[in-house]
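Understanding the architecture of this molecule
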Amino acid sequence: MVSRGTVLFDLFGVIARHRSPEAGAALVATAGAPAPAFWDAYWRLRPAYDRGDVTGPAYWRDVGTALGTRFGAARTGALIEADVAGWSAVDDEMVALVGELAAAGRRLGLLSNIPPELAAHYEARHSWLGHFAVRGFSCRIGHAKPEPGAYAWSVRALAEEPADVLFVDDREENVAAARAFGLRGVLFTGAAGLRAALREHP
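Just so you know, these numbers come straight off a predicted model, no measurement behind them.

Looking now at the pattern of salt bridges. One pass over the full model with this rule turns up 15 salt bridges. Across the pair R51 and E147 runs a salt bridge, and its minimum N-O distance is 2.8 Å. Linking R51 in the loop between α3 (46–50) and α4 (56–66) with E147 in the loop between α8 (138–141) and α9 (148–158), this pair joins segments that are 96 residues apart in sequence. Since its relative accessible area comes to 27%, E147 is described here as partly exposed. We note a salt bridge from E123 to R140, for which the minimum N-O separation is 2.8 Å.

And the structure:
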C-alpha cells in the first residue's frame, strides 16, 4: 500500500515515452530539411507552441521560415500528424503505477509542456488521465516548465502548499525549478526508483 499525498507528474519521459529515433527521422523526412537545421528550429521555436501562444499551423510556418522554406497546407498537416504520432507512445508500467497510486488514495496532478493538438490527442485516447485531479497542460495555462508560473499555477489549482506537493520529472532543470519554487522534487529515472521515492515522501 502507498500512503496518501499529492504527486504532480510530468507526462513525457515519465508516463509517456520520448519520441523514438525512427519517429524523429520520419518527422525530418516529412519536413524535407537537413536534420541539424530542422531540430534547431523545432526546439528553438517550441516554447511558444507549447504555451499556446501560437497555433500548430503558425508554429510550422515559423519553422519553415527559419529553414528558408514554406510548408503548404498539406505539408503542415502532415507535420502536425507526424509530430503527434512521435509523442504518442506511453509506458504501460507507469500507467499502471498511476492507477495504483490513485487507488491507494494519492491525489494526482499533471504538469506537461504540450501543444494543443497533442493535448487533444491524449484526452481522446487515454482514459487514465481521469486519475489526475488537475491537468496543467502548458498550452492551456500559458506557462511552460521550467517557468515559475507553471509551478505557481499547479499549486493554486491543487489548492496545496508547495511543500506538500511531490513533483516528478525526468529533466533536471524542471526539478530544480520546482524545488526553487518550494515543491519537493524527484528526478525520474524509472518506475522502481519512483516507487522508492514515494515511500520516502508520504
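Let's shift gears to the pairing of strand β1 (residues 5–9). Within β1, four of the five residues are buried, which leaves it mostly tucked inside the rest of the structure. Bridge count for β1 against strand β2 (residues 106–112) is five bridges, and the pairing is parallel. Along β2, the bridge assignment pairs G5 with R106. As paired strands, β1 and strand β4 (residues 165–169) are joined by four bridges and run parallel to one another.

We now examine the sheet that holds strand β3 (residues 134–137). The parallel open sheet is built from five strands, whose spatial order is β3-β2-β1-β4-β5. Looking at strand neighbours, the two that pair on one side only are β3 and β5 (184–187), the edges of this open sheet. Along the sheet, successive strands turn relative to each other by an average axial angle of 20°, direction set aside. Contacts between α9 and the sheet are confined to β1, β2, β3 and β4, with β2 contributing the most and set at about 150° to the helix.

Position of D50 relative to the elements: it lies in helix α3. Residue class for D50 comes out buried when judged on its relative accessible area of 9%. A C-alpha to C-alpha distance of 9.7 Å links D50 and K145, two positions 95 residues apart in sequence.

What follows is about unusual backbone geometry. The amide bond that connects K145 to the next residue, P146, takes the cis arrangement and shows omega of 5°. One can find P146 in the loop between α8 and α9. One non-glycine residue, A159, adopts positive backbone phi at about 55°. Mapped onto the elements, A159 comes out in the loop between α9 and β4.

So, about the environment of R184. Its location among the elements puts R184 in strand β5. Exposure remark for R184: the relative accessible area of 26% places this residue in the partly exposed category. Distance from R184 to P162, taken between C-alpha atoms, is 7.6 Å for residues 22 residues apart in sequence. Polar contacts involving the side chain of R184 include one to the main-chain carbonyl oxygen of A163, which spans 3.0 Å.

The next subject is helix α11 (residues 191–200). Residues of α11 that are buried: A191, L194, A197 and L198. For α11, the angular spread of the buried residues around the axis is 115°, confining them to a single face. For α11, the exposed residues lying more than 90 degrees away from the buried face are A192, R199 and E200. Structurally, α11 contributes buried residues whose contacts are with β1, α6 (92–103), β2, β4 and β5.

The rules behind the values
- Residues numbered from 1 in each chain as written.
- Predicted model: local features only at pLDDT ≥ 70, side-chain atom pairs only at ≥ 80, totals over all residues.
- Heavy atoms only, no water.
- Salt bridge = Lys/Arg side-chain N within 4 Å of Asp/Glu carboxyl O.
- Helix = DSSP H or I, 4+ residues; strand = E, 2+ residues; numbered from the N terminus.
- Buried < 20%, exposed > 50% of the residue type's maximum accessible area, 1.4 Å probe, protein only.
- Pairing = 2+ DSSP bridges.
- Axes fitted to C-alpha atoms, helices over the stretch in contact; angles between N-to-C directions.
- Contact = heavy atoms within 4.5 Å.
- Polar contact = N/O pair within 3.5 Å; in protein donor to acceptor, adjacent residues only side chain to side chain.
- Arc of directions from axis to C-beta.

Taken by themselves, the reported measurements are silent on function.
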